[in-house]
Structure formats: C-alpha cells, structure tokens
Amino acid sequence: DEALAQEGSAFSFEEAIAGVDADHHVAPGYYADILMRWGDPVTNDAPEFDPTAQTAAAQAGQFGYNNDYVGYVPLDGSSEHGLLLVNHEYTNAHLMFPGIVEIADEEVNQKPLTEEQVNIEIMAHGGSVIEIEKVDGKWQRVAGSPYNRRITGETEMDITGPVAGHDRLKTSQDDTGRRVLGTLNNCAGGTTPWGTYLMAEENFHGYFAGDLPEGHKEAANYERLGAPGGWYEWHNFHDRFDVSKEPNEMNRFGWVVEVDPMDASSTPKKRTALGRFKHEGAESIVAPDGRVVFYSGDDERFDYVYKFVTSGTYNADDRAANMDLLDDGTLYVARFDEDGSMEWLPVVFGEGPLTEENGFESQADVLIETRRAADLLGATPMDRPEDIQPNETNGRVYVMLTNNTNREEPNAANPRVDNAFGHIVEIHEADGDFAATSGTWEILLQCGDPSIAEVGATFSSATTENGWFGMPDNAAVDSDGRLWVSTDGNSPAGTGRTDGLWAVDTEGAARGTSKLFYRVPVGAEMCGPLPTPDLTTFFVAVQHPGDGGDDWEGHGRPSYYEDLSTRWPDFRDDMPVRPAVVAITKQGGGKIGSA
Ligand code: FEO
Ligand code: CA
Ligand code: CA
Ligand code: CA
C-alpha cells in the first residue's frame with residue numbers, strides 16, 4: 001500500500017494528524033486504551049480513588065502522579081503477561097487538589113498546601129510495579145498480585161557503591177550515610193538485562209528550600225546544581241527538605257535507584273557509582289565482552305552526556321550474580337570533537353585534574369560532585385541531554401537533546417544558537433563496542449518545522465507536515481531496531497501541535513524521515529514509549545495533561561475546578577484531569593508500525 005509505506009522506510013502505517021484538542025489520538029487502525037490512571041489502586045489493599053477525599057495513606061497504595069518512564073519485564077518471556085514499571089516524576093498541586101487555585105481579577109494564585117496535601121504529594125512520587133496481563137485482547141492490572149507495589153518519596157532505600165557511608169551523606173535521621181527515605185523526580189529510567197528497574201533521579205534540587213549555614217562546605221556543590229530549587233512546600237512540614245536544618249540531605253538524591261520488581265519486599269538501592277547529577281534516564285546494553293553499559297543524560301542547559309561501564313560481566317544464566325554489578329565500574333563523560341570524533345573521559349579520582357588540589361579526596365567526592373569533575377575534564381556542554389538509547393541492531397546510540405534557547409556559542413555537536421527545537425545526536429562507538437572509550441558521531445536530525453527555513457530543521461523531504469517534531473525527550477528502540485521518539489514542549493502557541501510519539505527512520509534512503517503515530521491531549525507531555533518484545537503493544541505515558549498555562553484558546557492556567565481545556569481521560573465533571581498510561585495495540589492484532 002503506497003499510502004502506508006515510504007520507499008525504504010522501516011515503518012508502515014497511516015500517519016496521525018498533528019494538532020491540538022482535549023483528547024489523545026492514535027494512527028488509524030490502532031486502539032489506544034487507558035491502562036492506569038493517577039489514583040487507580042496499585043497495591044492490593046489500596047482504596048478506590050476519591051478525588052474529593054484523597055489522603056496520603058490512600059495515595060501510598062495508588063498509582064502516583066505524572067507517569068514518565070515505562071518499563072516492562074515479561075513473566076515467562078510473555079508479551080501478554082508481565083510487570084509494568086512506571087516512574088511518577090512530580091506532582092502538579094493545581095491539577096490535583098480541589099479549590100487550591102483561586103482566580104480573582106485575572107490573577108491566579110495557589111493557596112499554601114496543608115500538611116496532608118504535602119504528604120499526598122510525597123506519596124504520589126516514586127514509582128509503581130504492577131502485574132498486568134492481556135485478557136480478551138485488552139491489558140489489565142492483575143488484582144491480588146504479590147508483585148503489585150508502590151515506591152514513594154518515603155520508601156526506605158539503601159545507599160550502595162563508592163559513596164555509601166560517606167560523611168557528606170550523614171544526617172540527623174541517618175548517622176550511617178547508608179539509609180535514605182525515598183526517591184524523587186524519577187524521570188526516564190531503564191530496565192537492566194537482568195530484569196531490574198532503574199529509576200533516574202532528575203530535578204531533585206527542586207524539593208529542597210532554605211539557606212545553607214554561612215560558609216558551609218557544600219555551598220559550591222549546591223550552587224553547581226542550582227540548588228536548593230524551592231519548588232515545593234515540603235520543607236514546611238519535613239525538616240529534611242530544609243537545607244538550613246539538614247544540609248547533607250540533598251547529597252542523598254541525584255542518583256540512579258535500582259529496584260528488584262520480582263520481590264515486592266526488596267529494598268531499593270541508590271547506586272552511587274553511576275554519579276550524581278540530574279539523571280534523565282539509565283538505558284543499558286551488554287557490550288561484546290559481557291560488561292554492561294548504561295547511558296545517562298544530565299538534563300540541564302550546557303550539561304553533559306555520560307555512560308557507566310560495569311567492571312563485572314553479565315551472567316545470563318544466573319540472575320543473582322548480576323544483582324550488584326552496578327556497584328563497581330567506570331563512569332565516563334563525553335567530549336564531542338569538531339572533526340566528528342569523540343572521547344569518553346573517565347570520571348575517576350586521581351586521573352587528570354580529579355585530585356586533592358581540586359578539592360577531591362576520594363572517588364566518593366568525585367561522584368558527589370560529578371558535574372564539577374566533568375567541568376574540569378573538559379566535557380562538551382550540550383543542549384539539555386535527555387533520554388539516551390543504545391540500538392543493539394545497528395550498534396549505534398541515540399542522544400535526545402531537547403532544546404537550549406540560552407545557547408549563544410555553537411559547537412559541532414550543538415550547532416544551533418537559540419536552539420528552541422532540539423536535535424538528535426547519533427554516536428557510533430568504536431568497532432561497534434558499547435564499552436569503547438572513543439568513537440565518532442553525527443547529527444541524525446535537527447528538529448523543528450522544516451517549512452520555516454530559519455529554523456534549520458533537517459527532516460527528510462518525505463516527512464509530511466504531521467511528521468516533524470520539536471523537543472525530543474524520551475526514545476525507544478524496538479526489537480526490530482526501529483527508533484521511536486517522544487516529545488516534551490510542543491504547544492499550541494509554540495508549534496501549533498501537542499506532544500506525541502513519532503517513528504523515525506535511521507537507515508538507508510529513508511534516514512531522517514519521521515511520522516506521527518500518536519499525540520497527547522492539550523497540556524500533556526509524551527513519555528514512554530515501551531514496546532513489548534513482540535511489538536504488538538506500545539505502552540505510552542501521558543504526563544501532566546491539562547497543564548501548560550494559557551496557550552490554548554485563551555484559557556487560563558487550569559485547575560481542578562477551573563480546568564477549561566480537558567478532563568482527559570475520564571471526561572467526567574466529578575473527576576479531575578489525570579495523567580495515565582495508555583496501551584496501544586493494532587486493531588485485528590499484529591506488529592505495531594508494520595503492514
Ligand atoms: Fe524530566 Fe529531562 O525531563
Ligand atoms: Ca524527560
Ligand atoms: Ca528510553
Ligand atoms: Ca523534558
């Protein structure tokens with residue numbers, strides 16, 4: 001079918017239409033079914049959601065807010081029965097709590113949160129592990145499953161690896177520096193080859209407020225992180241989020257957390273060997289020699305691209321033997337050179353400038369202040385590194401660089417000043433070895449509307465007016481080696497379209513062609529996607545629907561009651577707009593994106 005298939009394209013489907021309205025839309029011939037919404041029971045003792053009487057205790061067992069990373073661990077190798085892994089990145093009080101927003105004389109004000117509302121927010125963070133199965137072609141949660149679990153902003157976790165027990169992590173709650181409550185701002189993530197769930201802590205600085213004591217030794221550390229951010233009101237009720245009272249608590253965040261989803265009583269572990277920064281994700285792949293490689297972006301303007309290579313090797317026959325691989329290995333940061341080559345620079349105490357003269361006394365110091373170490377090493381400042389996805393099929397790695405409107409000085413890997421729409425860098429690791437310490441790179445795509453010459457977008461000429469996108473954020477490579485990109489930041493005012501999921505060709509004549517597969521409701525960001533191994537289901541996460549200010553048909557900042565833009569996905573007057581995970585399947589069955 002000519003309408004479906006582009007010459008040389010790895011994809012065959014009829015494109016969705018870009019635009020904006022209150023609902024989500026998938027390509028013709030597909031179902032998009034709501035699977036889990038904010039407030040739906042996750043644990044087996046959780047109550048049904050009552051938005052007018054929500055409590056922290058209820059929220060602790062219910063699906064959290066702002067679903068971001070989605071993972072899937074098959075049970076017995078099945079693509080119809082497995083564990084769904086979902087990060088809950090952050091909360092939007094104005095969309096969650098009835099009456100919290102007052103609008104008077106065109107002024108929008110949010111009232112201070114009560115202690116119970118703060119505790120609901122803390123419980124709505126973290127992640128969910130949910131046993132799901134396909135019944136009569138539709139996915140559903142398995143009620144009563146021993147795997148069903150919530151991880152929250154208060155779940156007890158261990159701190160492991162080179163930083164565990166360090167003085168800079170000790171607090172009045174924990175004099176060991178090895179035990180921390182909760183994980184925060186888990187954006188993208190990863191699933192390891194041994195089936196554990198990685199939750200990447202991104203904008204953790206936003207939860208902390210107050211002023212460090214005068215002349216405190218962590219001042220430069222926190223300043224490099226833009227911390228404390230003061231985005232939340234948690235410090236009003238919990239001293240650990242007030243840096244004037246607990247100056248070390250923030251050093252216990254900014255890590256990658258590993259969770260064993262096969263054991264709901266297991267203690268999550270913060271794996272400090274992977275460094276401390278605003279981790280977007282932690283996608284992994286096994287190198288030819290069996291070592292495992294984890295890619296992670298530091299999502300800030302002018303910050304860096306990292307990878308971690310384990311010292312030990314993956315054992316496919318003994319799951320238990322892999323469970324501490326993440327405690328020992330080498331962290332590297334990327335330098336992208338002007339000639340298209342690149343080096344992975346070791347972030348290792350004692351090497352190059354990472355010495356006592358520069359204030360590092362051990363690898364623990366280097367890891368706590370990973371950004372400052374990378375500055376000294378001469379890593380390349382990037383346009384906000386988001387998800388980084390290795391592709392086993394072609395041996396390459398895809399780096400989402402979402403945007404950077406503050407860039408005034410271009411470099412070869414970030415070639416646009418005032419980069420509003422972002423780009424995608426493709427890394428070719430030397431000899432196709434993901435553990436290599438050098439490689440080459442090229443730009444796969446400069447994003448934005450190709451019909452506006454000044455934008456400088458580089459989509460192929462076969463890309464339609466629906467097919468281009470801006471602000472790449474999450475990505476997936478499916479089991480056929482095909483790249484899917486989801487976006488964060490498209491808006492009616494900016495691009496005239498919502499965020500969505502695009503299929504992007506990387507090979508042959510079709511390279512650089514993009515097609516729209518699914519789009520989110522107004523105000524939302526697109527997270528996920530996660531294809532099942534057999535490619536018959538794509539799980540996607542619709543984050544913060546109904547948010548996004550006054551850029552849709554002139555409506556003001558929406559809130560629980562004054563929300564004029566959408567009540568997705570329930571469209572009921574007695575339900576707020578809700579973030580949700582959606583399962584996309586093909587009508588009549590079969591592989592997604594294929595004829
Ligand atoms: Fe939470 Fe970098 O997006
Ligand atoms: Ca993201
Ligand atoms: Ca991904
Ligand atoms: Ca983003």
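Residues numbered from 1 in each chain as written. Chains lettered and ligands numbered in written order. Predicted model: local features only at pLDDT ≥ 70, side-chain atom pairs only at ≥ 80, totals over all residues.

If you look the chain up in an unreviewed UniProt entry, it shows as dTDP-glucose 4,6-dehydratase from Devosia pacifica.

Observations concerning the overall build of the chain
The helix and strand inventory of the chain stands at 6 helices and 31 strands. By principal-axis analysis of the C-alpha atoms, the chain measures approximately 65 × 60 × 55 Å. Expressed as a percentage of its 595 residues, the buried residues of the chain come to 55%. The long-range fraction of contacts in the chain, counting pairs at least 24 apart against all pairs at least 6 apart in sequence, stands at 62%. (Helix = DSSP H or I, 4+ residues; strand = E, 2+ residues; numbered from the N terminus. Buried ≥ 20, exposed ≤ 12 C-beta atoms within 10 Å, placed from the backbone. Contact = placed C-beta atoms within 7 Å.)

Observations regarding the sheet that holds strand S14 (residues 256-259)
Sheet strands pair via backbone hydrogen bonds, and the direction of the pair is either parallel or antiparallel. The mixed open sheet is built from 6 strands, whose spatial order is S11-S10-S15-S14-S13-S12. Among the strands making up the open sheet, the edge pair consists of strand S11 (179-181) and strand S12 (186-191). Pairwise comparison of adjacent strand axes, ignoring direction, gives a mean angle of 35° for this sheet. (Pairing = 2+ DSSP bridges. Axes fitted to C-alpha atoms, helices over the stretch in contact; angles between N-to-C directions.)

Side note on helix H3 (residues 115-124)
Because each turn of an α-helix spans 3.6 residues, side chains separated by three or four positions in sequence point in the same direction. Most of H3 is tucked away: 8 of the 10 residues are buried. Of the surrounding elements, those touching the buried residues of H3 are helix H1 (56-59), strand S4 (81-88) and helix H2 (93-96). Trailing H3 by a residue or two, Gly126 shows a phi angle of about 105°, which is positive.

So, the sheet that holds strand S25 (residues 472-477)
Reading across from one edge, S1-S28-S27-S26-S25 is the order of the 5 strands in this open sheet, with antiparallel pairing throughout. At either margin of the open sheet sits one strand with a lone partner, and together these are strand S1 (25-26) and S25. Here S1 pairs with strand S28 (residues 514-519) via 2 bridges, running antiparallel. Bridged to His25 within S28 is Arg519.

A closer look at helix H6 (residues 370-377)
Listing the buried residues of H6 in full gives Thr370, Arg371, Ala373, Ala374 and Leu377. When H6 is viewed along its axis, its buried side chains cluster within an angular range of 160° and face the same direction. If you follow the buried residues of H6, they end up packed against helix H4 (219-224), strand S19 (329-336), strand S20 (341-346) and helix H5 (363-368). Gly378, located one to two residues past H6, shows a positive phi value of around 85°. (Arc of directions from axis to C-beta.)

Observations regarding the environment of Val425
Position of Val425 among the secondary structure elements: in strand S23 (residues 423-429). Judged by C-beta crowding, with 24 C-beta atoms within 10 Å, Val425 ranks as buried. Separated by 40 residues in sequence, Val425 and Pro385 have C-alpha atoms that sit 10.0 Å apart. Setting aside residues no more than four positions away along its own chain, Val425 makes contact with Val399, Leu401, Ala413, Trp441, Ile443 and Leu444.

Concerning the pairing of strand S26 (residues 483-487)
With 5 of its 5 residues buried, S26 lies for the most part within the structure. Every second residue of S26 is oriented toward a common face, with Leu483, Val485 and Thr487 on one face and Trp484 and Ser486 on the other, all of them buried. Across 4 bridges, S26 lies against strand S27 (residues 500-504) in antiparallel orientation. Looking across to S27, one finds that Trp484 is bridged to Ala503.

Details of the pairing of strand S30 (residues 537-543)
Counting buried residues along S30, 7 of its 7 residues qualify, which places the element largely inside the surrounding structure. Residue alternation in S30 divides its side chains into two sets, Thr537, Phe539, Ala541 and Gln543 and Phe538, Val540 and Val542, and both sets are buried. Looking at chain direction, strand S29 (residues 525-531) and S30 are connected through 5 bridges and run antiparallel. Bridging from a neighbouring strand, Pro531 pairs with Phe538 of S30. Connecting S29 to the next strand, S30, in antiparallel fashion are 5 residues, including Leu535 with a positive phi near 65°. Summarising the sheet, S30 and strand S31 (residues 580-586) pair through 6 bridges and their orientation is antiparallel. Residue pairing in the sheet places Phe539 in a bridge with Ala583 of S31.

Remarks on the environment of Asn92
With respect to the helices and strands, the residue Asn92 is situated in the loop between S4 and H2. Along the chain, Asn92 and Asn66 lie 26 residues apart, while their C-alpha atoms are 8.2 Å from each other. Apart from the residues within four sequence positions on either side, Asn92 is in contact with Tyr65, His544 and Asp547.

What to know about the environment of Pro415
Within the element layout of this structure, Pro415 appears in the loop between strand S22 (396-401) and S23. In this structure, the C-alpha to C-alpha distance between Pro415 and Ile443, residues 28 residues apart in sequence, is 9.4 Å.

Some words on the confidence of the model for the chain
Here the chain shows a mean pLDDT of 95. Residues at 70 or above account for 96%. Residue range residues 550-556 is modelled with pLDDT below 50. Its contacts to residues more than four positions away, or to other chains, number 14 contacts. Confidence over residues 559-563 falls short of pLDDT 50; this stretch has 17 contacts with residues more than four positions distant or in other chains. For this predicted complex, the interface confidence comes out at an ipTM of 0.96, alongside a pTM of 0.97. (pLDDT = per-residue confidence, 0-100.)

Looking at unusual backbone geometry
In most cases, non-glycine residues show a negative phi, while peptide bonds are predominantly trans. Between Ala227 and the following residue, Pro228, the backbone shows a cis peptide bond with an omega angle of -5°. By secondary structure assignment, the location of Pro228 is in the loop between H4 and S14. In this model, Gly528 is joined to Pro529 through a cis peptide bond whose omega is 0°. Its place among the elements puts Pro529 in strand S29. One non-glycine residue, Asn185, lies in positive phi territory at about 55°. Within the secondary structure, Asn185 sits in the loop between S11 and S12. Overall, Asn185 belongs to the buried group, with 28 C-beta atoms counted inside 10 Å.

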